[in-house]
Amino acid sequence: MSANEKQPLLVIEDLWVQVEDKTILKGIDLTVNYGEVHAIMGPNGSGKSTLANVLAGREGYEVTRGKVTYKGRDLLAMPPEERAREGIFLAFQYPVEIPGVNNIYFLKAAVNAVRKHRGLPELDAMDFLELVKEKMAQMKVREEMLYRAVNEGFSGGEKKRNEILQMALLEPTLAILDEIDSGLDIDALRDVADGVNALRGPDRSFIMVTHYQRLLHYIEPDHIHVLAYGEVIRSGDRTLAHELEERGYGWLLEEAGMDAQGAGAP
Amino acid sequence: MSSAEDPLDRLVKSEYKAGFVTDIEEESLPPGLDEDVIRFISAKKGEPDWLLEWRLAAFREWQKMTEPHWAHVHYPPIDYQAISYWAAPKRPEDRPQSLDEVDPELLETFEKLGIPLHERAALAGVAVDAVFDSVSVATTFKEKLAEHGIIFCPLSEAVREHPELVRKYLGKVVPPTDNFFAALNSAVFSEGSFVYIPKGVRCPMELSTYFRINAASTGQFERTLIIADEDSYVSYLEGCTAPMRDENQLHAAVVELIAERGAHIKYSTVQNWYPGDAEGRGGIYNFVTKRGLCQGEHSKISWTQVETGSVITWKYPSCILRGDHSVGEFYSVAISNLRQQADTGTKMIHIGKHTSSTIISKGISAGHGSNAYRGLVKVMDGAEGARNFTQCDSLLMGDTCSAHTFPYIEVRNPSAQVEHEATTSKISEDQLFYCRTRGLDPEEAVSLIVNGFCKEVINELPMEFAVEAQKLLGVSLEGAVG
Ligand SMILES: Nc1ncnc2c1ncn2[C@@H]1O[C@H](COP(=O)(O)OP(=O)(O)OP(=O)(O)O)[C@@H](O)[C@H]1O
Ligand SMILES: [Mg+2]
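Bear in mind that the values here come from a model prediction, so they are computed numbers and not experimental data. Throughout, a residue's number is its position along its own chain's written sequence, starting from 1. Labels follow written order: the first chain is A, the first ligand is 1, and so on. A pLDDT threshold of at least 70 governs which residues receive local features in this predicted model, and a stricter bar of 80 or more applies before side-chain atom pairs are shown or counted, although totals over entire chains, interfaces and linings include all residues. The basis for every side-chain value is the complete set of non-hydrogen atoms in the structure, without hydrogens or water.

Draft legend 1. Highlighting the overall build of chain B. Only DSSP runs of H or I reaching four residues or more are called helices, and only runs of E reaching two or more are called strands; each is numbered from the N terminus. Tallying secondary structure elements over chain B gives eleven helices and 23 strands in all. Within chain B, the proportion of its 482 residues that are buried is 63%. Here, two residues are considered to be in contact whenever any of their heavy atoms come within 4.5 Å of each other. Long-range contacts, defined as pairs at least 24 residues apart, comprise 84% of the intrachain contacts of chain B with a sequence gap of at least 6. Put simply, chain B shows about 17,500 Å² of open surface, and 50% of that area lies on carbon and sulfur atoms. A 1.4 Å probe rolled over the protein chains alone gives each residue an accessible area, and that area as a share of the maximum for its type sets the label: buried under 20%, exposed over 50%, partly exposed in between. Areas reported as accessible are Shrake-Rupley estimates using a 1.4 Å probe. Residue values count occlusion only from the protein chains shown.

See below:
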């Protein structure tokens, strides 16, 4: 049993976020304890990726109210790279291509940036290659992808696998996975889920954004939250996912007094 | 992260690491240019009469010429009478006989720049000619190269020791009256390197020259001549730095390359002259004429340049493809940050049959920099089956910089194939953010993205220098992102 268990890792309190004068998140409250897996579901455009981006530190999102505490520190005061070095990892819904930069070179730079921060010696090319090969085998990523430019020309599924590989290499404390399951075939979904499950442990937490019950079948969450119009309208345990699968979001929206049409964009 | 400031907007001055001044006793001419100055330089070098006459003829032509202003660069008029045309470290009349006789202060200067002149400490496999202001201070590995019949020495020495070669080739590729700056150089050139690779010899090491402008108010006018005889190969690299000074300094060099049948010359430049400060004070005016002649069949000349310094760059390393099946290549990275302005590119003149050329140009603009690619592809009547491929990419960082492309294509032979591709992109916030979420700080992220953008060019540099160049790219853009 970990000393961390049931200790809060991330505490979001009354978080309001605006983009270009448009309010997208409207008073989010969410606590993620060490070792927990939280799933966030909700209609298109409801603010799921916005939340993920704000947690990772993307510029252009204005926090107009509320606070976020991570490991007891004010998360919003930290630049993105510091958050990463402190263990926050965002797997992107749409991973970016970086032409001309070898994936392996990129991965090594990232791993060493994080290791340096953690007071560990930087890995040389040989040691890194050994490490990355081990993780690739675990995550079922083809070795050939190491020598291609970062995400350039990767298929949708390959990009997602590459994100998971990065997660495995960086060993985050809080992994935020934004639709890691979208665009994956059945086998890939299972591989990715296996990869995530292998990393689960009492000192690591996950926030998974997804539209599908199927992912939650492979990676069983401790909590599920439904986000609509920038608000959490329902939280529950994994049984909520089954209910959503059967009934959709309409009934929840109605209960919350929201218009079921185009639930993302007021 | 509550600040919504655009990370690409912020620009602070990047630090120029080679900007120190060496405190050394120098002998220099007062500013001004007339025939006496030219006679003085020629006498200092102990030159034969024919060369003095050659200089004087160039000078007389230069006086009739006007400075060209077609390039996309803007700078106040240059007062050619306010420049000193000669500066040299004081030392005995004769060149030092060995490295031990070289002024320790000078050796230290080059050490500081990362250029060890002691052969035992030198980079394995690189021979160096070090030029400090108007003179060469040391050339390494000369004896070893001589075993292969290779000549690698300061041009002034070549004039004395190998007059027949110098006389045969000097000004053959870039005639003294080619253009305003070339004419000025022909009149007052001070130092430079001379290379001759005999028939069938593959030069066993990289040759390189390092140019350092030290003295104030001095111009640097070096002249390099490289001759690769039939079926030979040489890879040559030049590097340049200068102290940080508030006034502008003029650098007007000429480089001539001649590749005979089957010869291959690979010429690489890492140019890091002082770029001036964020307000545009100081910096080197870099007006350079570089041209190679592919004289024989199946000869090849490859130019690779990484241009990170200078406040003004006006430079078009070119190839005249005379021999049938000859090949010309131009790979370029040019950075304009701060108030730097670069107008650079190449000319590929296809004369021989089945000649081919490749142009890969990567321009990076940041700060208030302006970057122009200017390239001419000319296919003459007789150039059956000539081919050219040009790719010209611009990368913009921020909103206050600019990129321009001026491609000129003249095709007089219908069998020619000429392809031109151009792209302009911005370092995207998405790319930066992605790197930062993986723990890289903004500087590392930019350096990584820029190096990726330039990869095809960096890959052309000799291994020993590619790493240096990559670091330099990062340093030159330091502060370009907040
Ligand atoms: N940079 C931006 N500029 C303007 N609007 C934005 C920006 N980012 C997000 N939005 C808007 O905020 C809302 C929430 O977007 P977000 O991407 O967070 O939704 P999501 O819940 O992840 O949706 P999906 O399920 O489709 O991925 C949308 O209406 C979107 O158009
Ligand atoms: Mg989304």
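Draft legend 2. Examining the coordination of the magnesium ion (ligand 2) more closely. Residues and elements named next belong to chain A. Coordination shells were defined by N, O and S atoms within 2.8 Å of each metal, extended to 3.2 Å for Na, K and Ca; water is absent from the atom set, which can make sites look incomplete. The coordination sphere of the magnesium ion (ligand 2), as far as protein atoms go, consists of S49 (OG) and Q93 (OE1), spread over 2.0 to 2.3 Å. In this pair, S49 is assigned in helix α1 (residues 48-56) and Q93 in the loop between β6 (88-91) and β7 (98-102), connecting sequence segments 44 residues apart. Among the residues examined, Q93 registers a relative accessible area of 16% and is labelled buried.

Draft legend 3. Geometry of the interface of chain B and chain A. Contact with chain B, which involves 23 residues of that partner, is made by 38 residues of chain A. By convention, the term buried area covers the 1.4 Å-probe accessible surface removed from two parts as they join, with the contributions of both added. Where chain B abuts chain A, roughly 2,500 Å² becomes buried across the two surfaces, and 60% of that area is made up of carbon and sulfur atoms. Criterion for a salt bridge: a side-chain nitrogen of Lys or Arg within 4 Å of a carboxyl oxygen of Asp or Glu. Our count for the contact surface shared by chain B and chain A stands at five salt bridges. Throughout this description, a polar contact denotes any pair of N or O atoms lying within 3.5 Å of each other; where both atoms belong to protein, one of them has to be capable of donating a hydrogen while the other can accept it, and for residues adjacent in sequence the pair is counted only when both atoms sit in side chains. In this assembly, chain B and chain A are joined by twelve residue pairs in polar contact (both at pLDDT 80 or more). Counting only elements with at least two residues in the side of chain B that touches chain A, the list comes to α8 (429-436) and α9 (442-453) of chain B.

Draft legend 4. Spatial organisation of the packing of α8(B) against α9(B). Residues and elements named next belong to chain B. Orientation of α8 relative to α9, taken along the N-to-C sense of each, is 120 degrees, at an axis distance of 9 Å. Relative to α9, α8 is oriented oblique. At the point where α8 passes α9, the crossing takes the right-handed sense. Across from Q431, L432, C435 and R436 in α8, the residues of α9 making contact are P442, A445, V446, L448 and I449. Note that Gly is not counted as nonpolar here; it falls among the polar residues with everything else outside the nonpolar set of Ala, Val, Leu, Ile, Met, Phe, Trp, Tyr, Cys and Pro and the charged set of Asp, Glu, Lys and Arg. Of the residues contributing to the contact of α8 with α9, the split by class is seven nonpolar, one polar and one charged. Orientation is described by axes fitted as lines to C-alpha atoms, over the contacting stretch for helices, and by angles from 0 to 180 degrees between their N-to-C directions. Oblique is the label for any angle not under 35 degrees, not over 145, and not in the 65 to 115 range, which are roughly parallel, roughly antiparallel and roughly perpendicular in turn. By convention, the crossing between two helices is left-handed when the near helix turns anticlockwise from the far helix through less than a right angle, and right-handed when the turn is clockwise.

Draft legend 5. The arrangement of the site of ligand 1 in detail. Residues and elements named next belong to chain A. Whether a residue is near a molecule or strand depends on its heavy atoms: if one lies within 4 Å, it is near. Around ligand 1, a shell composed of 16 residues is seen, among which G45, K48, S49, T50 and H211 lie nearest. Between ligand 1 and S49, the relevant distance is 2.8 Å, taken from an oxygen atom to a side-chain nitrogen or oxygen of the residue. One of the side-chain N or O atoms of E179 is found 3.4 Å from an oxygen atom in ligand 1. Coverage of ligand 1 by the protein amounts to 68% of the 640 Å² it exposes when considered alone. For the shell around ligand 1, the elements supplying multiple residues, two or more each, are β2 (22-33) and α1. Ranked by the residues each element gives to the shell around ligand 1, the list is headed by α1, at three residues. Its residues placed into classes, the shell around ligand 1 shows four nonpolar, eight polar and four charged.

Draft legend 6. Seen up close, the sheet that holds strand β10 (residues 205-209) of chain A. Residue and element names in this part refer to chain A. Strands are treated as partners if at least two bridges between them are detected by DSSP. Strand order in this open sheet of six strands is β6-β9-β10-β3-β11-β12, and the pairing throughout is mixed. Looking at the sheet topology across the chains shown, the edges are occupied by β6 and β12 (231-236). Recorded for the sheet is a direction-independent mean angle of 20 degrees between the axes of neighbouring strands. By the bridge criterion, four bridges tie strand β3 (residues 37-41) to β10 in an arrangement that is parallel. Paired with H38 across the two strands is I207, which belongs to β10.

Draft legend 7. How the structure looks around the confidence of the model for chain B. Residues and elements named next belong to chain B. Averaged over chain B, the pLDDT score is 87; the fraction of residues at 70 or greater is 88%. Note that pLDDT drops below 50 for residues 1-14; the model gives that stretch 43 contacts with residues more than four away or on any other chain. Scoring of the predicted complex yields 0.83 for pTM and 0.95 for ipTM. Per-residue confidence from the predictor is given as pLDDT, running between 0 and 100.

Draft legend 8. Structural detail: helix α8 (residues 239-247) of chain A. Residues and elements named next belong to chain A. For α8, the set of buried residues is L240, A241 and L244. The arc that holds the buried residues of α8, viewed along the axis, is 100 degrees, so those residues lie on one side. Among the exposed residues of α8, those oriented more than 90 degrees off its buried face are E245 and E246. Buried residues in α8 make contact with β3, α7 (213-218), β11 (223-228), β12 and α9 (250-255). Two residues or fewer past α8, G248 is found with a positive phi of approximately 70 degrees. Working definition: the arc comes from the directions between the helix axis and the C-beta atoms, pointing outward to the latter.

Draft legend 9. Seen up close, the pairing of strand β14 (residues 300-307) of chain B. All names here are of chain B. Among the eight residues that make up β14, seven are buried, leaving the element largely enclosed by the rest of the structure. Of the pairings in the sheet, the one linking strand β12 (residues 264-271) to β14 comprises eight bridges and is parallel in character. Across the sheet, residue V270 finds its bridge partner in β14, namely V306.

Draft legend 10. Representation of unusual backbone geometry in the model. Residue and element names in this part refer to chain B. For D231, which is not glycine, the phi torsion reads 55 degrees and is therefore positive. Positionally, D231 belongs in the loop between β8 (223-228) and β9 (233-241). Owing to a relative accessible area of 45%, D231 belongs among the partly exposed residues under this scheme. Phi at H325 takes a positive value of approximately 60 degrees, unusual for a residue other than glycine. Counting through the fold element by element, H325 comes out in the loop between β16 (318-321) and β17 (327-336).

Draft legend 11. View of helix α5 (residues 156-170) of chain A. Given a helix with a known number of residues, its expected span is that number minus one, times 1.5 Å. The terminal C-alpha atoms of α5(A) lie 21 Å apart, and with 15 residues this matches the ideal 21 Å at 1.5 Å per residue to within 8%. At the exit of α5(A) stands E171(A), carrying a positive phi of roughly 45 degrees.

Draft legend 12. View of a negative patch on the surface. Surface patches are drawn from residues lacking salt bridges whose relative accessible area is over 30%; two like charges belong together within 9 Å, two nonpolar side chains (Val, Leu, Ile, Met, Phe, Trp, Tyr) within 5 Å. We count Lys and Arg on the positive side and Asp and Glu on the negative side, and we leave His and both chain ends out. Here the site of a charge means atom NZ of a Lys, CZ of an Arg, CG of an Asp or CD of a Glu. A cluster of acidic residues, D124(A), D127(A), E130(A) and E134(A), forms a negative patch at the surface. With respect to the helices, strands and loops of the structure, D124(A) is situated in the loop between α3 (103-117) and α4 (125-139).

Draft legend 13. Quick look at the state of the cysteines. Residues and elements named next belong to chain B. Criterion for a disulfide: a pair of cysteine sulfur atoms at a distance within 2.5 Å. Applying the stated rule across the entire model yields zero disulfides over all chains. Just so you know, C294 is unpaired, no disulfide at all, and the nearest cysteine sulfur is the one on C319, 5.6 Å from it. Residue class for C294 comes out buried when judged on its relative accessible area of 0%. Unpaired in this structure, C454 has its nearest cysteine sulfur neighbour in C392, at a distance of 13 Å.

Draft legend 14. Layout of the packing of helix α1 (residues 35-44) of chain B against helix α2 (residues 49-64) of chain B. Residue and element names in this part refer to chain B. At a closest axis distance of 10 Å, the pairing of α1 and α2 adopts a crossing angle of 150 degrees. The angle between α1 and α2 places the two elements in the roughly antiparallel class. Between α1 and α2 the crossing geometry is right-handed. Along the contact surface, α1 presents E35, I38, R39, I41 and S42, while α2 presents L52, R55, L56, F59 and R60. Residue composition of the contact of α1 with α2, by class: five nonpolar, one polar and four charged.

Draft legend 15. Spotlight on the packing of aromatic side chains. To pair, rings of Phe, Tyr and Trp, with the six-membered ring standing in for Trp, must have centres within 6.5 Å; the planes then decide the type, stacked if under 30 degrees apart, edge-to-face if over 60, and tilted in the middle. Applying the stated rule across the entire model yields 22 aromatic pairs over all chains. Summarising the aromatic geometry, the rings of Y85(B) and F221(B) are spaced 5.2 Å apart at their centres and angled 20 degrees between planes, so their arrangement reads as stacked. Remark: F221(B) occurs in the loop between β7 (206-212) and β8 and Y85(B) occurs in the loop between α2 and β2 (87-89); sequence separation between them is 136 residues. By relative accessible area, which is 0% here, F221(B) ends up buried. For the ring pair F180(B) and F181(B), a centre distance of 5.2 Å and an interplane angle of 90 degrees mean the geometry is edge-to-face. Each residue in the set F59(B), W62(B), W70(B), Y75(B), Y80(B), F180(B), F181(B), Y285(B), F287(B), W314(B) and Y316(B) is aromatic and connected to the rest through ring pairs, giving one cluster. The rule is short: NZ of Lys or CZ of Arg within 6 Å of the ring centre and within 35 degrees of the ring normal puts a charge over the ring. Looking at R247(A), its charged tip hangs above the ring of W251(A), at a distance of 4.1 Å from the centre. Taking the ring centre of F406(B) as reference, the NZ or CZ of R374(B) above it sits at 4.5 Å.

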